[in-house]
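Structural overview
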Amino acid sequence: QVQLVESGGGLAQPGGSLRLSCAVSGIILSINDVHWHRQAPGKQREWIGVIGGSGMTKYEDSVKGRFTISRDNAKNMVYLQMNSLKPEDTAVYYCNTLLNTQMYWGQGTQVTVSS
């Protein structure tokens, strides 16, 4: 019923940019919140931001000012624009939503920032 599929990951140089996409089904973006998390090898999964049903966004301090979450309701797509990338941004990035007390996760997309 609920499905989230991330795409757009890849290799970027420090200072570069990537745009990740999260294709969603089973939720209504104008009602449901969609979060972005990331997990680096050997580290705990980290919340990095959210876009609410209202369209409001919030970000973790380490990405604030560099990352922007947006959406296209008609296309059921959520985006994560990542600018000024740093090596420490290297991680698997996931989109996530909470519905009826159940958390749903995408499969993740790898982002590697390296020279």
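Everything that follows concerns the structure shown earlier in this document.
First, a word on scope: everything that follows refers to the structure included in this document. Quick caveat, the model's predicted, so the values are computed rather than measured.

Turning to unusual backbone geometry, a few remarks are in order. Phi angles above zero are rare outside glycine, and Ser84 is one such case at about 50°. Relative to the elements of secondary structure, Ser84 occurs in the loop between strand 8 (77-82) and strand 9 (91-99). Positive phi, close to 55°, is recorded for Asn100, a residue that is not glycine. Within the secondary structure layout, Asn100 lies in the loop between strand 9 and strand 10 (102-105).

Here we come to the pattern of salt bridges. For the structure shown, the criterion picks out three salt bridges. The salt bridge partner of Arg38 is Glu46, with a shortest N-O separation of 2.9 Å. What makes Glu46 partly exposed here is its relative accessible area of 27%. When the shortest N-O distance is used, the salt bridge between Arg38 and Asp89 registers 2.9 Å. Residue Arg38 is found in strand 4 (residues 34-39), and its partner Asp89 is found in the loop between strand 8 and strand 9; the two are separated by 51 residues along the sequence. Neither residue differs from the other here; Arg38 and Asp89 are each classed as buried. What you see here is one network of salt bridges that share partners, running through Arg38, Glu46, Arg66 and Asp89.

The next subject is the nonpolar core. Counting 28 residues, the largest nonpolar core has Trp36, Phe67, Val78, Leu80, Met82 and Tyr93 as its most contacted members. Those elements that place two or more of their residues in this core are strand 3 (18-25), strand 4, strand 5 (46-51), strand 7 (67-72), strand 8, strand 9 and strand 11 (109-113). Apart from the residues within four sequence positions on either side, Met82 is in contact with Gly16, Ser17, Leu18, Leu20, Arg66, Phe67, Tyr93 and Val111.

Turning our attention to the side chain of Asp89. With relative accessibility at 1%, the residue Asp89 sits in the buried group. Here the side chain of Asp89 touches Arg38 through a polar contact of 2.9 Å, side chain to side chain.

About the criteria used
- Residues numbered from 1 in each chain as written.
- Predicted model: local features only at pLDDT ≥ 70, side-chain atom pairs only at ≥ 80, totals over all residues.
- Heavy atoms only, no water.
- Helix = DSSP H or I, 4+ residues; strand = E, 2+ residues; numbered from the N terminus.
- Salt bridge = Lys/Arg side-chain N within 4 Å of Asp/Glu carboxyl O.
- Buried < 20%, exposed > 50% of the residue type's maximum accessible area, 1.4 Å probe, protein only.
- Core = buried A, V, L, I, M, F, W, Y, C linked by side-chain atoms within 4.5 Å.
- Contact = heavy atoms within 4.5 Å.
- Polar contact = N/O pair within 3.5 Å; in protein donor to acceptor, adjacent residues only side chain to side chain.

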